[in-house]
Amino acid sequence: ASLTAKTRSLPNILITGTPGTGKTTTSADIAEALNLKHLNVGDIVKSEKCYESRDEEFDSYILDDDKLIDEMEPMVEDGGCVVDFHSCEMFPERWFDLVLVLRANTEVLFDRLTERNYSEKKREENMTAEIMQVVAEEARESYAEEIVHEVQSNTVEDMEGNVERVKQWVAAWKQNNP
Ligand code: ADP
Ligand code: MN
């Protein structure tokens with residue numbers, strides 16, 4: 001199978017990053033601005049029960065990757081999706097035309113995760129993951145270098161800039177894929 005689905009009439013965009021970096025807020029804005037479909041993968045995992053079990057210690061789900069991919073395939077195959085998830089290595093490479101990795105400073109993330117009432121353990125785990133650039137490295141290992149873009153998501157201005165950047169990128173994609 002080819003890596004890029006040339007049959008898509010609209011691109012698929014993946015918004016990834018450590019929890020709290022702003023994926024859902026940014027994805028919703030992009031979807032609204034460009035009339036695309038926002039797929040919050042965490043919600044799909046829960047509603048379609050795409051997990052093997054729940055990890056009580058880490059307060060998270062052990063994903064059933066195969067089930068998740070099967071559920072999502074028909075949603076993404078025609079393009080036009082903004083996919084929002086804190087991990088990215090399980091998705092087929094061919095699904096995405098653009099991968100944005102949102103980044104946030106440690107203090108910013110601390111405040112956001114505290115506000116979200118994360119346990120201290122979960123907060124520390126996510127802050128360490130952000131400092132260690134776990135999601136950014138995962139994205140670079142999973143997708144072609146030229147489609148992966150790391151962007152800051154500390155301020156509202158950052159977010160507006162990121163939405164604007166995606167708008168321009170989609171406009172260019174449409175020109176190149178008439
Ligand atoms: P994620 O989906 O990555 O876990 P959210 O989009 O839920 O993150 O954002 C977490 C919190 O941080 C929300 O309260 C949101 O309003 C805020 N937030 C997200 N991105 C930004 C940003 N770039 N600037 C300011 N606040 C932000
Ligand atoms: Mn989210």
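The structure under discussion appears in the preceding block.
We now turn to the structure provided with this report. A quick note: this is a predicted structure, and the numbers were derived from the prediction, not measured.

1. Topic: the packing of aromatic side chains
This structure, assessed with the given rule, holds 6 aromatic pairs. On the numbers, 5.7 Å between centres and 75° between planes, the contact of Phe91 with Phe96 is edge-to-face. The burial state of Phe91 is the same as that of Phe96; both residues are buried. Their ring planes at 80° and their centres at 6.1 Å tell us that Trp95 and Phe96 sit as a pair that is edge-to-face. Residues Trp95 and Phe96 agree in their burial class; the two are buried. Members of the aromatic cluster, connected to one another through ring pairs, are Phe85, Phe91, Trp95, Phe96 and Tyr143. In this structure, Arg54 is placed above the aromatic ring of Tyr61, and the distance from its NZ or CZ to the ring centre is 5.2 Å. When the ring centre of Tyr118 is taken as reference, the NZ or CZ atom of Lys122 above it lies at 4.5 Å.

2. With respect to the site of ligand 1
Not every one of the 15 residues close to ligand 1 is listed here, only the nearest: Gly20, Lys23, Thr25, Arg116 and Thr155. The backbone of Val156 places a nitrogen or oxygen atom 3.3 Å from a nitrogen atom of ligand 1. Its free accessible area being 570 Å², ligand 1 has 75% of it covered by the protein chains. One can see that ligand 1 is located within the largest pocket. Considering every element that reaches the shell around ligand 1, the biggest residue donor is helix H1 (residues 23-34), with 3 residues. Class assignment of the residues belonging to the shell around ligand 1 gives a composition of 3 nonpolar, 9 polar and 3 charged.

3. Regarding a negative patch on the surface
Side chains of Glu52, Asp65, Asp66, Asp70, Glu89, Glu137 and Glu141 sit close together on the surface and give a patch of like negative charge. Broken down by element, the residue count for the negative patch peaks at 3 residues, all from helix H3 (residues 65-76). Mapped onto the elements of the fold, Asp66 is located in helix H3.

4. Comments concerning empty space enclosed by the protein
In total, this model carries 1 cavity of 30 Å³ or more according to the counting rule given. In this structure, the largest cavity encloses a volume near 30 Å³. For the lining of the largest cavity, the secondary structure elements donating two or more residues are strand E6 (98-103), helix H5 (120-131) and helix H6 (134-142). Grouping the amino acids of the lining of the largest cavity by side-chain chemistry returns 6 nonpolar, 3 polar and 2 charged.

Calculation criteria
- The numbers attached to residues start from 1 for each chain and follow its sequence in the written order.
- Here every chain gets a letter starting at A, and every ligand a number starting at 1, in the order they are written.
- Reporting in this predicted model follows two pLDDT cut-offs: at least 70 for local features of residues, and 80 or more for side-chain atom pairs to be given and counted; totals over whole chains, interfaces and linings ignore these cut-offs and use all residues.
- Only hydrogens and water are set aside when side-chain values are computed; all heavy atoms of the structure are taken into account.
- Side-chain rings of Phe, Tyr and Trp (the six-membered ring for Trp) are treated as a pair once their centres are within 6.5 Å; stacked means planes under 30 degrees apart, edge-to-face means over 60, and tilted covers the remaining angles.
- Three exposure classes are used, based on accessible area relative to the maximum for each residue type with a 1.4 Å probe and protein chains only: buried under 20%, partly exposed in between, and exposed over 50%.
- Two conditions define a charge sitting above a ring: the NZ of Lys or the CZ of Arg must be within 6 Å of the ring centre, and it must be within 35 degrees of the ring normal.
- If a single non-hydrogen atom of a residue is within 4 Å of a molecule or strand, that residue counts as near it.
- Polar contact is the term for a pair of N or O atoms within 3.5 Å; when the atoms are in protein, one must be able to donate a hydrogen and the other to accept it, and sequence-neighboring residues count only if both atoms are side-chain atoms.
- Only the protein chains shown count as cover for residues, with accessible areas throughout obtained via the Shrake-Rupley method and a probe of 1.4 Å.
- A pocket, in this scheme, is an open set of points on a 1 Å grid over the protein atoms alone with protein on both sides within 12 Å along at least 5 of 7 lines, while a cavity is a set where a 1.4 Å probe fits but cannot get out; residues line either one if an atom lies within 4 Å of a point.
- What decides whether a molecule sits in a cavity or pocket is whether more than half of its atoms lie within 2 Å of the grid points.
- Strands are runs of DSSP state E lasting at least two residues, helices are runs of H or I lasting at least four, and both sets are numbered from the N terminus onward.
- Classes in brief: Ala, Val, Leu, Ile, Met, Phe, Trp, Tyr, Cys and Pro nonpolar; Asp, Glu, Lys and Arg charged; the others, Gly included, polar.
- For patch building, the residue pool is restricted to those with more than 30% relative accessible area and no salt bridge; the joining distance is 9 Å between like charges and 5 Å between nonpolar side chains (Val, Leu, Ile, Met, Phe, Trp, Tyr).
- Salt bridges are defined as contacts in which a side-chain nitrogen from Lys or Arg sits within 4 Å of a carboxyl oxygen from Asp or Glu.
- As used throughout, the charge tally considers Lys and Arg to be positive and Asp and Glu to be negative, leaving His and the chain termini uncounted.
- Where a charge sits is defined by one atom per residue type, namely NZ (Lys), CZ (Arg), CG (Asp) or CD (Glu).
- Grid points are joined across faces, edges and corners, and a volume is the space filled by probe spheres set on the points.

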